[in-house]
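# Observations on the model geometry
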Amino acid sequence: MSAETTADQEEGQTRRDFLYLTAAAMGAVGAGSVAWPLINQMNPAADTLALSTTEVDLTPVEVGQSITVMWRGKPVFIRRRTPEEIKEAEAVNVADLRDKQSDSERVQKAEWLITIGVCTHLGCVPLGQKTGDSKGEFGGWFCPCHGSHYDTSGRIRKGPAPKNLAVPPYSFTSDTTIKIG
Amino acid sequence: MASGNRQKFDNPVIEWVDSRLPVFTLLQKEYGVFPTPRNFNYFWNFGAIAMVMLVTMIVTGITLAMHYNTSTAGAFDSVERIMRDVNGGWLIRYLHMNGASFFFIAVFIHIFRGMYYGSYKQPRELLWILGVVILLLMMATAFMGYVLPWGQMSFWGATVITNLFSAIPLVGDSIVTLLWGGFSVDNPTLNRFFALHYLLPFVIVGVVFLHVWALHVTGSNNPLGIDVKGPQDTLPFHPFYTMKDTFGILVFLIVYVAFAFFAPNYLGHPDNYIPANPMVTPAHIVPEWYFLPFYAILRAITFDIGIPFTDIVIIPAKLGGVIAMFGSIAMLFILPFLDKHPVRSATFRPWFRAALLVLVVVFVILGICGAKPPEGLWVPLAQICTLYYFAFFLVLIPFFNKKEPVADLPPSIHQAVLDQCKACAKA
């Protein structure tokens, strides 16, 4: 055996390794591209996405009143806040909050507070929309599942929830109608 | 399964089949003459009982699926129709509903048996791990099954449990949307849960097959936890253990059907007879009883874990709870590698035995905490119990590895059985 054939064999060896690796890599890419549609089918379908805006007429809502509307299968809380509630929400020291947000970051018009009515802990619907409901220690909402208290800006003040009630994307299409989504 | 030294069967039909596909030889070997330790107690019934429950659930489940309507508009009504109009529908549904509970009862006792007698130890580690895989699959199946009647507890249980995944950093919310197929638990969610609820039991059957296969490689453990040394230590599986298992199965089934007939809703929750309403959360959401201890562990983590004296949070409370809950199952997975003590059976390990029995009590207390609202004393109680649960695996077992004395074990199963008989005769 000459030195040359050994070198050839070694070269053949590395070439074969390279072919194995590229073949395996292509196989993995192929398997992945076949798997993706089978996973992606679980994501929201076109008709589910199509249902994702809601228009709401605000004229019948009096000061101090709350209404609940459905958006994407979830309740959305719309509260026309009283001047006292607004004052209370604005007076809070933002640095003391768990999820630091000032009231002005959470509303477009101070009178209208619009939040998704789903507790950020584990997804229950907090109480506080109806007149007889407990509104919690901070005058906003109270989640009965695991005891989270929200203030008049929908911010988490006490209990296990990590975040403030989410504010959905919305815009005022006129002075008295909003489009959520 | 070498057909070379196959024994001939007298019956010509059986012989014709067996010479072409030796299924009868296999049955004879694995369930006929299979050498089984002669000192089993009744704890060894629960594997067979669990198997019977699995078959019961599949049979009642398939028949229920023939009448079930998989849509948010029709699911609740179709279940009520099964209860009122379908011939014998009430019986099939109550058997399925209570069957889930009794399947878990059998499996919990089966797991306790494995822990008490050290069945997870070398050489049965993989056998044990396959068993924990079955437990996880059962939990997923049971959870999705509970969603199908589309009552209030179905809906809100599904909402709370799927929201657990939102605790995962970065990708959590995308995963939840992927699970839901929308922006809340809704029709797409119900459809996929039904598809998976139908599929997973057959996956369980597959893993059960591997579990039994692994068992038949190592052979069964026994109450003394010592190895089988020869034929004098064993009995053929048939008729000795086919009879003992049948007896145990019948006693278990009596209790099961007593619940199905006389207290069918005792283990359920009345709120699930209210149709699902996404706008109203029930005052008190509780999972089915068999999830309560794990639910209590989830809720026991009420504090953020972060760097002290700063606002930096590394693990928020919600993620911490989820990690603790999955961690409690992970402990079972790694148990064979944590416990290095050379003695298997707790009969000869007084320290381990005491700690394990305390663990059982703690597990029951966690179950009670899980059923109560997370207020007042229930929170610290659940936290102490959670602490013990993890300390048992991560502190006590490693401590016993080093310090617990190794007892003198009986020379053989045969000898121990004989000595016991002599002691009885004297008394």
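Now for a quick tour of the structure. (Residues numbered from 1 in each chain as written. Chains lettered and ligands numbered in written order. Predicted model: local features only at pLDDT ≥ 70, side-chain atom pairs only at ≥ 80, totals over all residues. Heavy atoms only, no water.)

Each helix and strand in chain A was counted, giving four helices and nine strands. Starting at the N terminus and ending at the C terminus, chain A contains elements arranged as α-α-β-β-β-α-α-β-β-β-β-β-β. Relative to the globule expectation of 16 Å for 181 residues, the C-alpha radius of gyration of chain A, 28 Å, shows a markedly less compact shape. Projected onto the principal axes, the alpha-carbon positions of chain A cover approximately 95 × 40 × 30 Å. Contacts in chain A between residues far apart in sequence, at least 24 positions, make up 54% of those at least 6 positions apart. Of the accessible surface of chain A, which amounts to about 10,000 Å², a share of 58% is contributed by carbon and sulfur atoms. Distance from the positive charge centre (19 side chains) to the negative charge centre (22 side chains) of chain A: 7 Å. (Helix = DSSP H or I, 4+ residues; strand = E, 2+ residues; numbered from the N terminus. Rg over C-alpha atoms; globule rule 2.2 N^0.38 Å. Contact = heavy atoms within 4.5 Å. Areas by Shrake-Rupley, 256 points an atom, 1.4 Å probe, with all protein chains shown as cover. Lys, Arg positive; Asp, Glu negative; His and termini not counted. Charge placed at Lys NZ, Arg CZ, Asp CG, Glu CD.)

Glancing now at the interface of chain B and chain A. Counting residues at the interface gives 24 residues for chain B and 26 residues for chain A. Ranking the residues of chain B by area buried against chain A places Leu-178, Phe-183 and Met-279 of chain B at the top, with a combined share of 33%. Our count for the chain B to chain A interface comes out at zero salt bridges. Remark: the boundary between chain B and chain A carries seven residue pairs in polar contact (both at pLDDT 80 or more). Broken down by secondary-structure element, the contributors of at least two residues to the side of chain B that touches chain A are helix H7 (152-163), helix H8 (172-180) and helix H11 (292-300) of chain B. Of the residues forming the side of chain B that touches chain A, the biggest block, four residues, is contributed by H7 of chain B. (Buried area = accessible area lost by both parts, 1.4 Å probe. Salt bridge = Lys/Arg side-chain N within 4 Å of Asp/Glu carboxyl O. Polar contact = N/O pair within 3.5 Å; in protein donor to acceptor, adjacent residues only side chain to side chain.)

Two faces, one strand: in a regular strand the side chains alternate between the faces of the sheet. All names here are of chain A. Strand S3 (residues 74-80) sits mainly inside the fold: five of its seven residues count as buried. As defined by bridge partners, strand S2 (residues 66-71) adjoins S3 across six bridges and the pair is classed as antiparallel. Along S3, the bridge assignment pairs Val-69 with Val-76. The loop that links S2 with its antiparallel partner S3 comprises two residues; one of these, Arg-72, has a positive phi angle of about 55 degrees. (Buried < 20%, exposed > 50% of the residue type's maximum accessible area, 1.4 Å probe, protein only. Pairing = 2+ DSSP bridges.)

This part covers the packing of aromatic side chains. Residue and element names in this part refer to chain B. For the structure shown, the criterion picks out 42 aromatic pairs over all chains. Judged by centre distance (4.1 Å) and plane angle (10 degrees), the ring pair of Phe-104 and Tyr-290 falls under stacked. Residue Phe-104 is located in helix H5 (residues 89-116), and its partner Tyr-290 is located in the loop between helix H10 (237-262) and H11; the two are separated by 186 residues in the primary sequence. Under the relative-accessibility criterion, Phe-104 is labelled buried at 1%. Residue classification places Tyr-290 among the buried residues on the basis of a relative accessible area of 3%. On the numbers, 6.3 Å between centres and 65 degrees between planes, the contact of Trp-351 with Phe-400 is edge-to-face. A residue pair is termed long-range when its members are at least 10 positions apart, and Trp-351 in helix H13 (residues 350-371) and Phe-400 in helix H14 (residues 378-403) qualify at 49 residues. When its relative accessible area of 36% is taken as the criterion, Trp-351 is described as partly exposed. Note on Phe-400: relative accessible area 5%, which makes it buried. Through a chain of ring-to-ring contacts, three or more aromatic side chains come together here, namely Tyr-31, Phe-40, Phe-43, Trp-44, Phe-112, Tyr-116, Tyr-117, Phe-237 and Tyr-241. The side chain of Arg-113 reaches across the aromatic face of Trp-44, ending 4.6 Å from its centre. The cationic tip of Lys-244 hangs over the ring face of Tyr-42; the distance from NZ or CZ to the ring centre is 4.5 Å. (Phe/Tyr/Trp six-rings, centres within 6.5 Å; stacked < 30°, edge-to-face > 60°. Lys NZ or Arg CZ within 6 Å of the ring centre and 35° of its normal.)

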